Structures are given as C-alpha cells and as structure tokens.
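Structure at a glance
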Amino acid sequence: MRAHFNSDNYAPVLPEVMAAIAAANQGHAPAYGADAVTARVEARMRAELGEHAHPFLVLNGTAANVVALRALLRPWQGVVCAESAHLNVDEGGAPETMAGIKLLTVPAPHGKLTPELVATRLVRIGDEHAVQPGAVSVTQSTELGTLYAPQELAALAEQAHANGMALHVDGARLANAAAALDVPLRAITTDVGADAVSFGGTKAGLMLGEAIVLLREEMAPALPYLRKQSMQLASKMRYVAAQFEALLEDELWRRAAGHANAMAARLAAAVVDLDGVTVTHAVQANAVFAVLPPGVAERLQRDWGFYTWDERTGEVRWMCSHDTRAEDVDAFAAAIAAAVAGTRSA
Ligand SMILES: Cc1ncc(COP(=O)(O)O)c(C=O)c1O
C-alpha cells in the first residue's frame, strides 16, 4: 500500500501522546479516575469548555454517544439525527440495544441537520403512543466532511430548547471542526448552547480515549453511574487522561487536526477539476468524498488505501490524518489523474 487514506483511525498515535502515556507510567496511582492526571485533565477541560463543563473520560466514541444520550433522555424519548449519522449507520444498533434509544432519523443533505429538517420529526408531541423527541444529535465535523457554522449550531440548540429537548454534539472530529473554523472548542459547544458533547480524542491522535462533556449541571450526577453501567469506567484511567492532557497542551489538537484538514484541502484542490471526478461534498474538514468513473476506484485501491463509502453510487472517501504527508497527497492525486485519464483513452 503506497499510503492510507482509509481513516483517521488508521493513523498512528501522536508522539507527544505516546510520551505522555510513558510519563504517566510511574508507580501506583489511584484507580477509576481518582488519580492526579485525571483531576488535571478535568480541570483543563473545564478551562476549555467552561466552569459548568463536566467531563467524563470513556474508551470509545460509540460509548461516548450512547452514554451521553442516556444522560439526556428519558426512557420514552428518542433522538433526532441525520440519516447519515454515525449513531445511525455505524454503531451496530448500540443506541437501540444498549440504551433503548429510538433514532428519529432525517435525510440530511451533506450530513447536516437544519431546524426545518428537525421540525419534520417534532410531531405527535404529547401523544403517548409515539416516541417523544428528547434530543437532537449533530455531528461536528459531519460524517461527510462538512461543518456546522457556530450560528447554525446555535439555531439548532435554540430550537431544541424551545421544544424541551437537548442538543448533543457528536464531536468525534470536534478538533477538525474547531481547527477548520479557527475557533476555540467552546465556540462550537458551550457557547452555542449544546448540552452534551462527545469530544473525540482517538481520531485526533490518541491511542484510545474520548470524553463525554456534559454542559448542564443537573445531568452530571447521573453520569458516573451511567458510565459504569455502560462498562466504560476505565480502571487505569490515568492512561486515558494523560493522552488527553497531551492533546490539550498548547493546542496540540489544533496543530494535528489543522494539518489533516490542510491535506484534505490539498487533495481536493488537485482533483476537483479532473474530468470524470465529481467531489460530492464541500471539503471543509479532513475528508474528501468523490465519485469516479466505473472501475477507477477498484484500480486505485490496488495501491492506495481508501474506502468505497456508498456501494450503490460508487462514492469513495479519502480521509486525511495528522500524519498524512503532502508528498503522499500529491502522488495520490497524480495516480487519480492517471487512472481517470486511462478510462478516457481506453
Ligand atoms: C462521527 C463519529 N462518531 C463517533 C465515532 C466513534 O466511533 P468508535 O466507537 O469507533 O470510537 C466515529 C468513528 O468512526 C465517528 O466517525
């Protein structure tokens, strides 16, 4: 394989994060999050996201989403989300199975909800026969590599609150979004009125670790119990905390995610005008989606790692990460150009 554009999950751990794990590996420390590193990282997250932020470290993003939603919802409530949401298409039914949460999905162009789209699921309110919408979940940046502007999130939060619902942000790629928008993390979470955030660490360069950040005081007391019940209370929490501490130090997350975003922009710019290549979504974070002439993706996949995203349309996804090299992007773009040209001369 010449280079991987499969996923930011394929990327290695950031060296600073690896060093932080080693540094945390000194002697004994209290378990289950009662250690000094976890206390420091919780304080750090409060500094980033506001004094009322309550961070809870967990082990993966599916759990962050499911446990956060358990905190936001009552048993008869569901969550409005885009049809393309990770919650809906890539969590193996975890929200439904582990938490009994019904997903109220909406077809959402380019992966983005709008108040108008959400409104289509705000029906049968007060009807005991119908699941009641209790939260809206948005993904920032989206599964399709697009972004919500802060004011778009604020409008969704306002609508949710006006209807007695909460706003959850699936921020598996929150770092990419904040880096792309050139704003602090709180500008797309706390400041827009979000109630809970799944703050992703793994795709930003951790070995493993995500944080559920509750931004509403009254939900926080339940979270320790929900996290434990959901099997996400890490006994050696200090190693998860140490990784996040490194990621937050001097905004390492912004440098790492900013680089990934820049590489995606470079790739998009190199292929967008090629005859036969259709870039299908605005490239606003670290992913490029495209449709290629028949057979081209399969030919490229012999040498280059990437996924076919939609088997029906042949749409492919090219994902960049903190370690993507400009020369690999350029070589890949040249390979795409050659493969596409080959189909025309054939
Ligand atoms: C938008 C989004 N949310 C959540 C996740 C977290 O998933 P995992 O449980 O694999 O860490 C992912 C990972 O692909 C994702 O893309």
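Here the structure is a predicted model, which is why all the values come from computation and not from measurement.

On to the nonpolar core. One finds Leu 57, Leu 113, Val 136, Val 138, Phe 199, Val 213 and Phe 244 to be the most contacted residues of the largest nonpolar core, which totals 62 residues. Of the residues forming this core, the biggest block, nine residues, is contributed by helix α10 (residues 237-248). Excluding anything up to four places from it in sequence, Leu 57 contacts Thr 38, Val 41, Met 45, Glu 210, Ala 211, Arg 227, Gln 232, Met 237, Val 240, Ala 241 and Phe 244. Membership of the second largest hydrophobic core comes to 26 residues, among which are Ala 264, Val 316, Ile 336 and Ala 339.

With that settled, the discussion passes to the sheet that holds strand β12 (residues 307-310). The antiparallel open sheet is built from four strands, whose spatial order is β9-β10-β13-β12. A strand with exactly one partner marks an edge of an open sheet, and here the two such strands are β9 (278-279) and β12. Two elements, β9 and strand β10 (residues 287-291), share two bridges in a ladder whose sense is antiparallel. In the sheet register, Val 279 faces β10, and the bridge partner there is Ala 290.

Among the secondary structure elements, Lys 112 is positioned in the loop between β4 (102-106) and α6 (115-119). According to the relative accessible area criterion, Lys 112 is buried, its value standing at 19%. Within the structure, Lys 112 has its side chain in polar contact with the backbone oxygen of Leu 147 (distance 3.0 Å). With near-sequence residues (within four places) excluded, Lys 112 lies in contact with Leu 117, Thr 142, Thr 146, Leu 147, Tyr 148 and Glu 152.

A surface patch of nonpolar side chains, amounting to about 290 Å² of accessible area, comprises Tyr 10, Tyr 307 and Trp 309. Positionally, Trp 309 belongs in strand β12. When its relative accessible area of 31% is taken as the criterion, Trp 309 is described as partly exposed.

Attention shifts here to helix α3 (residues 61-72). With 12 residues, α3 ought to run about 16 Å at 1.5 Å a step, and its terminal C-alpha atoms sit 17 Å apart, in line with that. With respect to burial, α3 is a largely interior element, nine of its 12 residues being buried. What α3 keeps buried is the set Ala 63, Ala 64, Asn 65, Val 66, Val 67, Ala 68, Leu 69, Ala 71 and Leu 72. Structurally, the start of α3 carries an N-cap: the backbone nitrogen of Thr 62 is 3.3 Å from a side-chain oxygen of Asn 60.

Bringing the site of the ligand into the picture now. In the region of the ligand, the neighbouring residues are Asn 60, Gly 61, Thr 62, Asn 65, His 86, Glu 91, Thr 139, Glu 143, Asp 170, Ala 172, Arg 173 and Lys 203. A distance of 3.3 Å separates an oxygen atom of the ligand from a polar side-chain atom of Arg 173. Here an oxygen atom of the ligand sits 2.7 Å away from a polar atom, N or O, in the side chain of Lys 203. The element contributing the most residues to the shell around the ligand is α3, with three residues.

The next point concerns the pattern of salt bridges. Under the counting rule described, the total for this entry stands at 14 salt bridges. Of the charged contacts, one joins Arg 124 and Asp 127 as a salt bridge, the two residues approaching to 2.9 Å between their closest N and O atoms. The class of Asp 127 is partly exposed, set by a relative accessible area of 23%. Close ionic contact of Arg 254 with Asp 182 constitutes a salt bridge, the shortest N to O distance being 4.0 Å. Of the two residues, Arg 254 is situated in helix α11 (residues 252-271) and Asp 182 in the loop between α8 (174-181) and β7 (196-200); the sequence distance between them amounts to 72 residues.

The next thing to look at is the pairing of β10. Here β10 lies mainly inside the structure; four of its five residues are buried. Two elements, β10 and strand β13 (residues 315-319), share four bridges in a ladder whose sense is antiparallel. Each residue of the ladder has a partner; that of Val 288, found in β13, is Trp 318.

Bringing the pairing of strand β8 (residues 210-214) into the picture now. Within β8, five of the five residues are buried, which leaves it mostly tucked inside the rest of the structure. As paired elements, strand β2 (residues 54-58) and β8 share five bridges and run antiparallel to each other. The residue of β8 that forms the bridge with Val 58 is Glu 210.

Definitions and limits used
- Residues numbered from 1 in each chain as written.
- Predicted model: local features only at pLDDT ≥ 70, side-chain atom pairs only at ≥ 80, totals over all residues.
- Heavy atoms only, no water.
- Core = buried A, V, L, I, M, F, W, Y, C linked by side-chain atoms within 4.5 Å.
- Buried < 20%, exposed > 50% of the residue type's maximum accessible area, 1.4 Å probe, protein only.
- Helix = DSSP H or I, 4+ residues; strand = E, 2+ residues; numbered from the N terminus.
- Contact = heavy atoms within 4.5 Å.
- Pairing = 2+ DSSP bridges.
- Polar contact = N/O pair within 3.5 Å; in protein donor to acceptor, adjacent residues only side chain to side chain.
- Patch = residues over 30% accessible without salt bridge, like charges linked within 9 Å, V, L, I, M, F, W, Y side chains within 5 Å.
- Areas by Shrake-Rupley, 256 points an atom, 1.4 Å probe, with all protein chains shown as cover.
- Salt bridge = Lys/Arg side-chain N within 4 Å of Asp/Glu carboxyl O.
- Expected span 1.5 Å × (residues − 1).
- Near = heavy atom within 4 Å.

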